[in-house]
Amino acid sequence: MSEVNFKKRVFSGIQPSGNLTLGNYLGAVKRFVEMQNTGIETIYCVVDLHAITVWQDPAALKNQTRELAAAYIACGLDPKKSILFNQSQVSAHAELGWILSCVTRLGWMNRMTQFKDKAGKNAEKMSLGLYAYPALMAADILAYQATHVPVGEDQKQHVELTRDIAAKFNHDFKSEVFPLPEPIIEGTATRIMSLRDGSKKMSKSDPSDKSRINMTDNADTIASKIRKAKTDPDSLPSEIEGLSSRPEARNLVNIYAALSDTSITAVLQEFGGQQFGTFKPILAELAVNHLAPISNEMARLMADPTEIDRILGDGAQRANIIASPVLEKVKNAIGIVAR
Ligand code: TYM
């Protein structure tokens, strides 16, 4: 463990690779905003260099980048309190990403389950970037010497890899440049599941739009997706144990708990014994009431893309002020002649 006391600093990011889902919102953005409001220094990023690890339509990527920035702000992220920017505007990410690729071992990368899930049987046809992406993610975090990384369950392995990379760098170069960042995976919404299959994560890349709630869905669509969500014929249990072999029921209860900032136990106390026919409309109403103001605000912000670009540019400048000296320290530690 490092002897250095690093300042507490939060970093996290989301890919602008399509529609932001309820999973991204509950598992990430909502928690980012909560952390921002505790007074800790918070840095949040639109990770566009990650998105291009799979092909993105260039015009769509620009729109998705702005839309994600708008979503962050509409969910309560204050670009004055937090630093909000898109990754590619701060070149330290790409530079440090390369340096950390030279520290990362192939054996470590081969254990990354997300690459295996995304590549499936087509690994040979995937980009080198998709395979190498966890080293870039490590650079995102370590360029700011971030100590805390709020993420959903699916990113835990990548944050743990970041710790391994940081420790190996510090050891190999007898330096104490990097902290060992902690993944922060808390609350009832760290893994929101597909509405069609309780064993699969809700994901923006799922071919079925009915599997997810998008932050831009209108009230009717949200209500219809929840009404049609897969469930079983039993009523809701009164105790948490009763959800253990019922992934779809558990998922809807988790979503209710996360949206209403309460516990699963409290939700079951209220709805135990009730049928899904009763529970689903109440959940749909809760979701619509929660999400409608966000999607309205997103639409309002998207009407002024110049202002969004200004916010991202300002955030990038502030991010660069933190990342540049860290990169200089890294270069110095590894023996690169710098200005
Ligand atoms: P991404 O863009 O896939 O997802 C963004 C965040 O949303 C969380 N998430 C979920 N949480 C709960 N339930 C779900 N169904 C769900 N789906 C997604 C993710 O866990 C994540 O926190 N590699 C990252 C982005 C990244 C990053 C970083 C994160 C790049 N650099 C540095 C933290 C720090 C990714 O692809 O997330």
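Residues numbered from 1 in each chain as written. Predicted model: local features only at pLDDT ≥ 70, side-chain atom pairs only at ≥ 80, totals over all residues. Heavy atoms only, no water.

Q: Explain the pattern of salt bridges to me, using residue names and the numbers behind them.
A: Inspection of every chain in the model, using the stated rule, returns 18 salt bridges. Asp 172 is paired through a salt bridge with Lys 168; the nearest N and O atoms lie 2.9 Å apart. One end of the pair, Asp 172, and the other, Lys 168, are both in helix α8 (residues 156-172), four residues apart, so they sit about a helical turn from each other. Taking relative accessible area as the criterion, Asp 172 reaches 33% and is therefore assigned partly exposed. Here Asp 232 makes a salt bridge to Arg 246, at a shortest N to O gap of 2.7 Å. With Asp 232 in the loop between α9 (219-227) and α10 (247-259) and Arg 246 in the loop between α9 and α10, this residue pair connects regions lying 14 residues apart in the sequence. (Salt bridge = Lys/Arg side-chain N within 4 Å of Asp/Glu carboxyl O. Helix = DSSP H or I, 4+ residues; strand = E, 2+ residues; numbered from the N terminus. Buried < 20%, exposed > 50% of the residue type's maximum accessible area, 1.4 Å probe, protein only.)

Q: Outline α9, listing residues and values.
A: Restricting attention to buried positions, one finds in α9 the residues Ile 222, Ser 224, Lys 225 and Ile 226. Looking at the packing, one finds that the buried side of α9 touches α12 (276-302). A distance of 3.2 Å separates the backbone nitrogen of Asp 220 from a side-chain oxygen at the start of α9, and that oxygen is part of Asn 218. (Contact = heavy atoms within 4.5 Å. Polar contact = N/O pair within 3.5 Å; in protein donor to acceptor, adjacent residues only side chain to side chain.)

Q: Tell me about the site of the ligand, residues and numbers included.
A: Neighbouring the ligand are 27 residues; Gln 15, Tyr 133, Asp 140, Asp 154 and Ile 192 lie closest to it. Here an oxygen atom of the ligand and a side-chain polar atom of Gln 15 are 2.8 Å apart. A distance of 3.1 Å is found between an oxygen atom of the ligand and a side-chain nitrogen or oxygen belonging to Asn 24. Its free accessible area being 720 Å², the ligand has 97% of it covered by the protein chains. The pocket occupied by the ligand, as judged from atoms lying within 2 Å of grid points, is the largest pocket. Elements supplying a minimum of two residues to the shell around the ligand: β1 (9-14), α1 (22-36) and α7 (128-142). Each residue belonging to the shell around the ligand can be placed in one class, and the counts come to 12 nonpolar, 10 polar and five charged. (Near = heavy atom within 4 Å. Areas by Shrake-Rupley, 256 points an atom, 1.4 Å probe, with all protein chains shown as cover. 1 Å grid on protein atoms, 1.4 Å probe; cavity = no way out; pocket = protein on both sides within 12 Å on 5 of 7 lines; lining within 4 Å. Sits in = over half its atoms within 2 Å of the grid points. Nonpolar A, V, L, I, M, F, W, Y, C, P; charged D, E, K, R; others polar.)

Q: Account for the domain arrangement of the protein chain, naming residues and giving values.
A: Split into domains, the protein chain comes out as domain 1 (9-185 + 305-334) and domain 2 (209-300). The gap between the C-alpha centroids of domain 1 and domain 2 is 30 Å. Taken together, the contact pairs 13 residues of domain 1 with 14 residues of domain 2. Carbon and sulfur atoms make up 71% of the area that domain 1 and domain 2 hide from each other, which totals about 1200 Å². At the junction of domain 1 with domain 2, the criterion picks out one salt bridge. With a shortest N-O distance of 2.6 Å, Lys 30 and Asp 261 are connected by a salt bridge. One can count five residue pairs in polar contact (both at pLDDT 80 or more) joining domain 1 with domain 2. Listed by contribution, the elements that provide at least two residues to the side of domain 1 that touches domain 2 are α1 and α3 (58-74). Sorting elements by how many residues they give to the side of domain 1 that touches domain 2 places α1 first, with five residues. (Domains from an automatic or database assignment. Buried area = accessible area lost by both parts, 1.4 Å probe.)

Q: Report on unusual backbone geometry, specifying residues and quantitative values.
A: For Lys 174, which is not a glycine, the phi torsion comes out positive at approximately 40°. Mapped onto the fold, Lys 174 is located in the loop between α8 and β5 (182-184). Phi is positive for Asp 261, close to 50°, though the residue is something other than glycine. On the accessibility criterion, Asp 261 (57% relative accessible area) is exposed.

Q: Talk me through the layout of surface pockets; I want residue IDs and the actual numbers.
A: Empty space within the largest pocket amounts to approximately 1200 Å³. Here the residues of the lining of the largest pocket sort into 17 nonpolar, 20 polar and 10 charged. Size it by volume and the second largest pocket reaches roughly 460 Å³. Lining the second largest pocket are 20 residues, and of these Ser 101, Leu 128, Gly 129, Ala 132 and Tyr 133 sit closest to its centre. (Points joined across faces, edges and corners; volume = space filled by probe spheres on them.)

Q: Requested: an account of the environment of Ala 258, with residues and values cited.
A: Take Ala 258: it is sitting in helix α10. Sequence spacing of Ala 258 and Lys 30 is 228 residues, and the spatial spacing of their C-alpha atoms is 9.5 Å.

Q: I'd like to hear about the packing of aromatic side chains, residue by residue, with values.
A: This model, assessed by the stated rule, comprises 11 aromatic pairs. Look at Tyr 44 and Tyr 72: their rings are 6.4 Å apart centre to centre, the planes differ by 20°, and that puts the pair in the stacked class. Here Tyr 44 is found in strand β2 (residues 41-46), whereas its partner Tyr 72 is found in helix α3, with 28 residues between them in sequence. Residues Tyr 44 and Tyr 72 agree in their burial class; the two are buried. What links up through ring pairs into an aromatic cluster is the set Phe 11, Phe 85 and Tyr 144. (Phe/Tyr/Trp six-rings, centres within 6.5 Å; stacked < 30°, edge-to-face > 60°.)

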